[in-house]
Amino acid sequence: MSVPILPTISTVCIVISAVLVAVGWGRIKKGQIESHKKSMIAAAVFAVIFFIIYSSRTVFIGNTSFGGPDSLKTYYTVFLFFHILLSTTGAVLGIISLWSGMKDRLNIHRKLGPVTSTVWFGTGITGVLVYLLLYILYDGGETTSLIKAILGN
Ligand code: HEM
C-alpha cells in the first residue's frame with residue numbers, strides 16, 4: 001500500500017474544514033460572533049482548497065475506480081453516491097449559510113446553520129471512509145482521465 005499524495009491532502013482538507021465548522025459552532029454557542037465568522041470562513045477556504053485539488057486531479061490525472069473485492073463493489077458504489085449527495089448538499093447549504101451570515105439574514109441563518117454543519121460533518125466522515133476504502137484498505141483500481149483519454153494513453 002502506498003499513500004497517494006493528492007487524495008491524502010484533499011481528504012485532510014475536508015477533515016480540517018469539518019473541525020473548523022465544529023469550532024465555529026462552539027464559538028457561536030458562546031456568543032462569539034466575530035470568531036464564529038472567522039472559523040466558518042476558514043472552514044470554507046479549506047473546502048475550496050479541497051475542491052480545487054479534487055477537480056484538477058479529476059481533469060488531469062483522473063478518478064480511481066474501486067480496487068477491492070467484487071463482492072463489495074455495489075456497497076462501495078452506493079456509499080460513494082451517498083457521500084457525493086451529502087457533499088453536494090453541504091456545498092449548496094454552505095454557500096447559503098455564508099451568504100445569510102454575511103447579510104445578517106439571521107432568521108434563515110439560525111435555522112440553516114445547524115443543518116449545514118451536520119451535513120458537513122457527514123460529508124467529512126463519509127469522505128474519510130471513501131478515502132480509506134479506495135486507497136488504504138485496498139489498492140486503488142484503474143485511474144482514467146478525460147485528458148488521458150483524449151491523448152490516447
Ligand atoms: C461569514 C459567515 C458567517 C457569519 C457572519 C455568521 C454569523 C452568525 C451569527 C451572527 C449567528 C448568531 C445568530 C443568533 O443571533 O442567534 C450565527 C449562528 C450560527 N451559525 Fe453562523 N455565520 C457565518 C457562517 C456560518 C456557516 C458557514 C455555518 C455552517 C456551516 C454557520 C453555522 C451557524 C450555526 C450552527 C449557528 C447557531 C444557530 C443556533 O443555534 O441558533 N454559520 N452565525
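To start, this report covers the structure provided alongside it. Note that this is a predicted model, so its numbers are computed, not measured.

1. Looking at the coordination of the iron atom of the ligand
Distances from the iron atom of the ligand to its protein donors, H36 (NE2) and H109 (NE2), fall within 1.9 to 2.0 Å. For the iron atom of the ligand, the 6 donor atoms are set out with angles of 85 to 178° between them, so the coordination reads as octahedral. Taken together, the residues H36 in helix α2 (residues 33–60) and H109 in helix α4 (residues 106–136) connect sequence positions 73 residues apart. For the pair shown, H36 and H109 are each scored as buried.

2. Focus on the site of the ligand
Around the ligand, the surrounding shell holds 19 residues, and the nearest of these are H36, G101, H109, R110 and G113. Within the side chain of H36, one N or O atom sits 2.7 Å away from a nitrogen atom of the ligand. Listed by contribution, the elements that provide at least two residues to the shell around the ligand are α1 (5–29), α2, α3 (70–102) and α4. Tallying contributions element by element places α4 first for the shell around the ligand, with 7 residues. Class assignment for the residues of the shell around the ligand results in 10 nonpolar, 7 polar and 2 charged.

3. Some details on the packing of aromatic side chains
What the rule picks out here adds up to 5 aromatic pairs. Centroid distance Y131 to Y135: 5.8 Å. Interplanar angle 45°. Geometry classified as tilted. A residue pair is termed a helical-turn pair when its members lie 3 or 4 positions apart in one helix, as Y131 and Y135 do in helix α4 at 4 residues. Three or more aromatic residues link up through ring pairs in this structure, and these residues are F66, Y76 and Y138.

4. Notes on the nonpolar core
Core analysis: the largest hydrophobic core is formed by 8 residues, namely I14, A18, L20, V21, M40, A43, A47 and W120. Those elements that provide at least two residues to this core are α1 and α2. The leading source of residues in this core is α1, at 4 residues. With residues near it in sequence (within four places) discarded, L20 still touches S39, M40, A42, A43 and F46. Grouped together as the second largest cluster of nonpolar side chains are 6 residues, F66, V130, Y131 and Y135 included.

5. Digging into the packing of α1 against α2
One way to put it is that α1 packs onto α2 with a least axis distance of 8 Å and a crossing angle of 165°. In terms of their interaxial angle, α1 and α2 are classed as roughly antiparallel. Viewed along their axes, α1 and α2 form a crossing whose handedness is left-handed.

6. As for α2
Counted at 1.5 Å a residue, the expected span for α2 with its 28 residues is 40 Å, and the 40 Å between its end C-alpha atoms agrees. Residues of α2 that are buried include every one of H36, S39, M40, A43, A47, I53 and R57, and no others. The secondary structure elements touched by the buried residues of α2 are α1, β1 (63–64), α3 and α4. Taken from the residues just after α2, G62 is the one with a positive phi, measuring 120°.

7. Structural notes on the side chain of H109
Among the residues examined, H109 registers a relative accessible area of 18% and is labelled buried. Not counting residues within four places of it along the chain, the set of residues in contact with H109 comprises H36, S97, S100, G101 and P114.

Reading the values: the criteria
- Residues numbered from 1 in each chain as written.
- Predicted model: local features only at pLDDT ≥ 70, side-chain atom pairs only at ≥ 80, totals over all residues.
- Heavy atoms only, no water.
- Donors = N, O, S within 2.8 Å, 3.2 Å for Na, K, Ca; no water.
- Tetrahedral: all angles 85-135°; square planar, octahedral: opposite > 155°, others 65-115°.
- Helix = DSSP H or I, 4+ residues; strand = E, 2+ residues; numbered from the N terminus.
- Buried < 20%, exposed > 50% of the residue type's maximum accessible area, 1.4 Å probe, protein only.
- Near = heavy atom within 4 Å.
- Polar contact = N/O pair within 3.5 Å; in protein donor to acceptor, adjacent residues only side chain to side chain.
- Nonpolar A, V, L, I, M, F, W, Y, C, P; charged D, E, K, R; others polar.
- Phe/Tyr/Trp six-rings, centres within 6.5 Å; stacked < 30°, edge-to-face > 60°.
- Core = buried A, V, L, I, M, F, W, Y, C linked by side-chain atoms within 4.5 Å.
- Contact = heavy atoms within 4.5 Å.
- Axes fitted to C-alpha atoms, helices over the stretch in contact; angles between N-to-C directions.
- Parallel < 35°, antiparallel > 145°, perpendicular 65-115°, else oblique.
- Left-handed = near helix turned anticlockwise from the far one by under 90°.
- Expected span 1.5 Å × (residues − 1).

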